[in-house]
Amino acid sequence: MIKATAYAGAFVGAAMHALLPAAQADTVTDYEVIYAPAMQATKAPKTVLTEITYAGDRTIAVGDYGVIIFRDSNDQPWQQAEVPTSVLFTSVDFADANQGWAVGHHGVIAATTDGGKTWQRQLDGFEYIQLQKTHFENLVAELTAQQDEFDGSDPDAEEALYVALDNAAFALDMALVAEEEGPTKPFLDVRVLSSQVILAVGAYGSLIRSTDGGASWHIQDNYVENPDGFHFNALAADNDYVYLAGESGQVFRSADQGSTWETLDSPYYGSFFGLHVDAQGNLWIVGLRGNIFMSADQGESFSQIKLEDTVNINAVVDAAAGGVYLVGNAGVIGWVNQQGDIENMTHASGAALTDLITNKDGSLTVVGQRGVIEIPQFSSIQQTTTTKEQ
Amino acid sequence: MSEQSIETKSVWLERALFNFRPLWFVMFAVATAFLAWHASMVRPEASFTKMIPTQHEFIQNYFTHQEDLASLGNVVRIAVETTEGDIFTAEFQKTLQEITDEVFFIPGVNRSGLKSVWTPNVRWSEVTEEGFVGGPVIPDNWDASEESLDKLRTNVLRSGEVGNLVANNFKSALIFVPLNEINPDTGEALNYQEFSQKLEENIRDKYQTENVKIHITGFAKVIGDLIEGAYQVGLFFFIAIVITLLMLYWYSRCWRSAFAVLSCSIIAVVWQLGIIKLIGSGINPYSMLVPFLVFAIGVSHGVQIINAISNNRVDGHDKFAATRLAFRSLYIAGLTALISDAIGFTTLMVIDIEVIQELAIAASIGVAVVVLTNLGLLPIIMSYVGISPKGTEYTRKAREQDHPVLTTFSRFSQPKWAYSALVLALVGVTWGLVYSQQLKIGDLDAGAPELRPDSRYNLDNKFIVDNYSSSTDIFVVMAETAPSQCIAYDNLEVMDRFTWHMENTPGVQDVKSVVYVAKMGSFGLNEGNLKWFSLNRNQYVLNANTGRTPPGLINPDCSMVPIIIYLNDHKAETLQTVVASVNAFNQQYQQEGLELLMAAGNSGIEAATNSVIEAAQTKMLLWVYGVVIVLCLITFRSIRTVTCIILPLMLTTIMSQGLMAVLGIGVKVATLPVIALGVGIGVDYGIYIYTKIREGLAQGMHLNDSYKYALDSTGKAVGFTGLTLAIGVATWIFSPIKFQADMGILLTFMFLWNMLGALILIPALARFFARFGKPIH
C-alpha cells in the first residue's frame, strides 16, 4: 500500500500537471504501469487490441498500454480516451450508453460514466491483493470455526469443509506471496449485468463481483468449483443465467447473478476463450483448435461445429445476415449461418484476432494483434475452406 | 638581356634549381620510381570506423557494446521474386530451395542463422490441448504436389513469417543471410568485395530469369558495390587526363609543353599516392577525389609556367633564360597560392571524422608535392625541351590580337558593367541565402545513400522495403543494466513504456526488443491467448517467457539489451526527432539501474555523424575563411583588397549552398570538405588577378588599364585554370557512387563560379571602392 499511496501522490501531481501544459513533464523515478496514465498515442488504433463493444451507438475498443479508443460511427476517426493506467486491458463491457467497465492486467478495473471518454480506476492489483488477503483470512477463520463445531455425525460434510478450508488456506498463502511479489493476476473478461452488478473473471480462477456499481468489490473465487485454479477466460449472460468458461474445458452457470455456480458437463477438455448468447438465445462456446460448440438449451447439451483450420477461436458475435461471425488466431474469420454451415476465411495479415463487431452498414470491425482491422464485407476476405456441421 | 644579367638578378632558390639541373633531374627520377612502387600498392578501402565521428558520445556507447551488437546488423537479404502468379508453385519452390542451398555454401555465411522457407529453423507452431505442436514450414512429406503446396501455404500463415520471409503480397520470398565478420574456421576477416561478387555470380547471374527476379540488400552488398564503383574512378582519371591533354594543346599549341605539364602533374599524383602509402594512410572513396585535385592543381600551375615561358620566348629569350625568367616571375605567386591551398585544406582537420581528416592530409600532401613537381621539375624539363616553334609562333600571334578572355572580362572594370555585375551578384546572394535556408544536414535519399537512388542496390532495397515489413533504417538504443538484470521486471516495464513512446514518435515504423519477445512468449505460453500479451511481475514467468529470445537481443551477461527502432527514412529531421524523443523519455523516466543509451544501427550512427557535421559546418567555414583572410592580409596588407578577393568567394559559398538545397544534396561527410576545398582553391584566382591589378595601379595606370594588364598577364591562365580544374572533377559526376557524384557537381560549380567571380567581381568591386571610397593605392 505504501507504493500505492506513493503513486496516488504521483498521480495527483500528474493530474495537476495536466492543468499546466506549458510546464515540464514530471520526472518519474519509480515507474509503475498501474498508475502511469495512458499516453496519448497516434498509433493507439494499431496496437494490440483485445475487445471491442458498443456503448449506445458508440464503438469502444480496449488494449495494450492502457489504450481505450472510441468513435461514434465507422466513418469517423478513432479518439483516445483519458485513462489513468497503462496496463493491457483485456475486456470491456457497458451497462448503457454511459456506464462501462474495463478490466486488465495487474488486477486493474477501470470505469467510465461518460460513455468511455474518461476513465477512473476502481480497483488495482495492490488493492486486489489486500481484498484477497482479507477475504481468505475471514474465510479461513469462518471455516475453522465451523470445523470446531463438527462432532463427527456428518463425515461427508466434514470432508467437504476440510477441502474448502484447505483451498481457502492455499488461496490465503497465495495472497500473502502476492503481497511480496506484487500483482501478477490479470483479469481476462468483464460482464456488466446492470449498472450495479458487474462480474470480472481472470487468471487462476479469479472471480470478483460488485453489486454497487463498482464502489466495492468482493472476491467470489470460492463459489466456483475450480480446485486446480484453472484460468477463467470468458463470461456471457442471457435472461436466466450467467455463463462462465475457462481453461481445460470448464463451463459453469449461475442463476443468481454470480452468487452461486453450477458446473456444467463440458463438451470438450481443451480451453475455451469465448462465450456468446446469440439473438435466438443459443449459447456459443469457442476455444482451442477450432472447437466451436452451440447449445440451444442453455448449456444442458452441445453440438459441435468443427473448423478444419485448427486454430484458436476467440470470439463470437451475431452476424448481420443471420447466424454468427467468429474470429480466431492466424487471421481466421468465420461465418456460421442459420443452417449451421460454416464458411471460413483467412485475413491476409495472419494476425491473432480476438473480437469483432458488425457496423450499421454491415461491415465488420475486427480487433487483435495488429489493432483495428476494417472489413467492408465478409465475402471480401480471401476464402480458404468450407466445412459442414458434423 | 644577357645570361649574365639573368644570373645577377636571380635568387638563391632559382640558382639552387637551375645550376644543378642534372642532379635535380636524377633525384626527381629516383624519388618518382621509389614512390611509384609504393603508390602501386594503394588499394581503395572502405573502412566503416573511419567514416564515423569516433569521439561522439553515441559512437562511444556503440563501441562499448560493439561485440554484443555484432550479430544484429550484418545481414544480407535476398528476395526471390516471381513475376507470374504467387510463390506457391512447384517451380518457384524448387528455385527457392536451390538458391537457399547455394547461399549456404558461400564462405562467410553464418549457416546456423541462415533462414528461408526452406531451412529447418523456420517453423510453424500452434497450441493444442496438450501444448505446443509445430514443425518445419516445408511439410515433412513434400512432393511438390498441390496438396503439399496447400499445406505449405497454411504453414506459412501460421509461422508468422508473412512480411518477414514471405512478402506481404506472396509474390516473393526472402532468404535471410547473417554473416560472420570473422571466419570461425580460418580466423580471417570477411572480404566484402569477394562475398559481394560471389552473390552476383552464384545467385543473381545463375538464377535470374524472365520469371524470377533476384533482389539483394545488406551492408556487405553496399560495401561490395562501393569498392566496385571505386575502381571505375580509375577510368574517370584516364578520361580527365585525355581531356586535359587536349586542352593543354589547345591552349599552347605545343605538344612538348603539353606533355611536360601533364607528366609533371601525373608525377605529382604518383608522389602523393606513394607518400600516403608510406605514412600508412589509405585511400577511401572520399579521399579518392584528391588525386584529381592534385592533378588539376598541378596542371593549372604548370600552365602559368608554360604561359610565362612562351611569352618570354616571344620576347626573344632562349629556352633556358625564358624558363629561368618564368620561374623568377611566378614562384612567389605560385608558392603563396599553393600554401594557401594547403593551409585551407588543413582546416578540415577540425572535423572529427577520420575520412575527412585523411582527405585533408592527402590534399595537403598533394599540394606540397605540386610545389616540387610543377615549380621545380617542370621548369627543369622545360629548360631542356623548350617550347616548340609552333607554340611560340601561336603565342606571338595571340598577343597581337585581343584574347577572348580579355575582350569578355575587361569591361567589368567600367562603371556600368561593374554595377550591373554587382547587382546581379546581390541577386545571386539573395537567391543563395533564400535557398540555403532549406539546406539539409545528412543524407536525403532512401536506401543506401552512398549509392545512387536508381542504382541496382537501391532498387533492390526499395523492392524489399515495399514488400516486407522491415525497414533498412535502424536506430538502436542500448538499454544498460547491472549484470543479469536486463530482463528484471522493473527494467522491462520501463523498456515497454519506452517502446510505446518511441512507436508513437513521428518517423518510427516499429520497435522491437526482448520486451516484445517476452510479451509474445506470454501470449504463446498461455495457449495462444492474446489477452496475455503483457509482461508478468513474476520473474520466473518472465524468464520462461523470454526463453526463446533469439541471439543478439540479450548480451551474454544480461547487462544490455538492444532496443531496435525501425525508421521510415534516415532524413536528418527524422533522426533529430528520434534523438529528441529518446532524450525526452530519459528526462522524464529515470529508473535506477537502467540506462537507455544512444545509439547504434546505421541510423544511430548517422544521427551522430549529422550532429558532428552540423556543428563542424560553421566551425569549418570560420576556420577556412579566417585562414584565407589572414593569408591575404599578410600578402596585400589592405582590408579593401582582401574584401575584393573574399566577397566573390563568399558569393560562391552561399550560392553553392543554395545549389545543394535545390539539387537535394545534404551537408554530409562527402560534401562538407568540398566547401573548404572550393574556398581554398578559389582564393588562388583572386590572388593572381589582384596582384596584377595592384601592379598596374602601382605603375600609375587607371583601373581599366590595370585590369586589362592583369587579364593579359594572368587572366587567360586563370580562365584556363578554372576550366581544367572543373573538368578534372566534372568526370566524377558520372560516378556510380552518389556522394562522389555530389562532390563532382559541387566542385565543378565552385571552380567555375570562383573563376567567373574572380574575373567579374574583383574588378567590379575595385570599381565600386574606387567610386565610393578613397582611390585605390
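Every chain begins its residue count from 1, and numbering advances along the sequence as written. Each chain gets a letter, beginning with A, and each ligand a number, beginning with 1, in the order they are written. Reporting in this predicted model follows two pLDDT cut-offs: at least 70 for local features of residues, and 80 or more for side-chain atom pairs to be given and counted; totals over whole chains, interfaces and linings ignore these cut-offs and use all residues.

- An unreviewed UniProt entry lists chain B under the name RND family transporter, with Pseudidiomarina gelatinasegens as the source organism.
- UniProt positions are given in the numbering used here, feature names are shortened, and annotations may be inferred rather than shown by experiment. Per UniProt, chain B carries the Subcellular location (unreviewed entry) text "Cell membrane".

What to know about the overall build of chain B
Right, on to step 1. From N to C terminus, chain B includes 26 helices and 9 strands.
Right, on to step 2. When its C-alpha atoms are laid out on the principal axes, chain B stretches across 110 × 55 × 45 Å.
Right, on to step 3. Buried residues are those with 20 or more other C-beta atoms within 10 Å of their own C-beta, exposed residues have 12 or fewer, and partly exposed residues lie in between; C-beta atoms are placed from the backbone. Taken over 777 residues, chain B has a buried fraction of 52%. Secondary structure follows DSSP: runs of H or I at least 4 residues long count as helices, runs of E at least 2 residues long count as strands, and numbering of each begins at the N terminus.

Points about the domain arrangement of chain A
Residues and elements named next belong to chain A.
Right, on to step 1. Segmenting chain A into domains produces domain 1 (2–128 + 183–387) and domain 2 (129–181).
Right, on to step 2. Distance between the C-alpha centres of domain 1 and domain 2: 31 Å.
Right, on to step 3. With 4 residues, the top contributor of residues to the side of domain 1 that touches domain 2 is helix H2 (residues 125–149).
Right, on to step 4. The classification used treats Ala, Val, Leu, Ile, Met, Phe, Trp, Tyr, Cys and Pro as nonpolar, Asp, Glu, Lys and Arg as charged, and all other residues, Gly among them, as polar. When its residues are assigned to classes, the side of domain 1 that touches domain 2 shows 6 nonpolar, 3 polar and 2 charged. Domain start and stop positions are those given by an automatic or database domain assignment.

Some thoughts on the interface of chain B and chain A
Right, on to step 1. Tallying the contact residues gives 29 residues for chain B and 43 residues for chain A.
Right, on to step 2. Of all the secondary-structure elements, those providing two or more residues to the side of chain B that touches chain A are strand E2 (123–128), helix H7 (146–159) and helix H18 (489–503) of chain B.
Right, on to step 3. The element contributing the most residues to the side of chain B that touches chain A is H18(B), with 6 residues.
Right, on to step 4. A breakdown of the residues in the side of chain B that touches chain A according to their chemical character gives 8 nonpolar, 12 polar and 9 charged. Contact between two residues is assigned whenever their backbone-derived C-beta positions fall within 7 Å.

Digging into helix H22 (residues 601–636) of chain B
All names here are of chain B.
Right, on to step 1. Across its 36 residues, H22 extends 51 Å between first and last C-alpha, which sits within 8% of the 52 Å expected from 1.5 Å per residue.
Right, on to step 2. At Ala-616, H22 shows its maximal kink, close to 30°.
Right, on to step 3. Phi turns positive one or two residues past the end of H22, at Arg-637, with a value near 50°. One fewer than the residue count of a helix, multiplied by 1.5 Å, yields its expected span. At every residue, the bend is computed as the angle between two fitted axes, covering the seven residues ending there and the seven beginning there respectively.

Describing the nonpolar core
Residues and elements named next belong to chain B.
Right, on to step 1. Formed by 355 residues in total, the largest nonpolar core has its most connected members in Ile-78 and Ile-565.
Right, on to step 2. The biggest single contributor to this core is helix H26 (residues 738–772), with 19 residues.
Right, on to step 3. Ignoring sequence-local partners within four residues, the contact set of Ile-565 consists of Phe-475, Val-477, Met-502, Val-508, Val-511 and Val-578. Structurally, a nonpolar core is described as a collection of buried Ala, Val, Leu, Ile, Met, Phe, Trp, Tyr and Cys residues joined by way of C-beta atoms within 7 Å.

A look at the pairing of strand E13 (residues 232–237) of chain A
Right, on to step 1. Where E13(A) meets strand E14 (residues 242–246) of chain A, 5 bridges bridge the pair, whose relative direction is antiparallel. Residue pairing for E14(A): A:Ala234 is matched across the bridge by A:Ala245. Two strands qualify as a pair provided DSSP detects at least 2 bridges between them.

A look at the packing of helix H24 (residues 672–698) of chain B against helix H25 (residues 703–730) of chain B
All names here are of chain B.
Right, on to step 1. Axis separation between H24 and H25 bottoms out at 7 Å; the angle between their running directions is 165°. Taken together, H24 and H25 sit at an angle that is classed as roughly antiparallel. Judged by the sense of rotation from one axis to the other, the crossing of H24 with H25 is right-handed. In this structure, H24 contributes Ile-681, Tyr-685, Tyr-688, Ile-689, Lys-692, Ile-693, Gly-696 and Leu-697 to the contact, and H25 contributes Asp-705, Ser-706, Tyr-707, Tyr-709, Ala-710, Ser-713, Thr-714, Gly-715, Val-718, Gly-722 and Leu-725.
Right, on to step 2. Residues that form the contact of H24 with H25 fall into these classes: 11 nonpolar, 6 polar and 2 charged. Under this scheme, a helix contributes an axis fitted over its contacting stretch, all axes are lines through C-alpha atoms, and angles between N-to-C directions fall in the 0 to 180 degree range. Working definition: roughly parallel below 35 degrees, roughly antiparallel above 145 degrees, roughly perpendicular at 65 to 115 degrees, and oblique for all remaining angles. Definitions for this section: a left-handed crossing has its near helix turned counterclockwise from the far helix by less than a right angle. A right-handed crossing has that turn clockwise.

Focus on the domain arrangement of chain B
Right, on to step 1. Under the domain assignment, chain B is made up of domain 1 (61–224), domain 2 (252–346 + 355–401), domain 3 (412–444 + 608–777) and domain 4 (456–570).
Right, on to step 2. Once you take the C-alpha centre of each, domain 1 of chain B and domain 2 of chain B turn out to be 56 Å apart.

Description of the sheet that holds E14(A)
All names here are of chain A.
Right, on to step 1. One open sheet holds the 4 strands; their spatial order is E13-E14-E15-E16, and the pairing between them is antiparallel. This sheet does not close on itself; its edge strands, each paired only once, are E13 and strand E16 (262–263).
Right, on to step 2. In this structure, E14 lies alongside strand E15 (residues 251–254), joined through 4 bridges in antiparallel fashion. For Tyr-243, the partnering residue across the bridge sits in E15 and is Arg-253.

A word on the sheet that holds strand E5 (residues 89–94) of chain A
All names here are of chain A.
Right, on to step 1. Strand order in this open sheet of 4 strands is E5-E6-E7-E8, and the pairing throughout is antiparallel. Strands at the two margins of the open sheet, each flanked by one partner only, are E5 and strand E8 (120–123). Taking the axes of each pair of neighbouring strands and ignoring which way they run, one obtains an average angle of 25° across the sheet.
Right, on to step 2. Here 3 bridges tie strand E7 (residues 109–112) to E8, and the two strands are oriented antiparallel to one another. Bridging across to E8, Ala-110 finds its partner in Arg-121.

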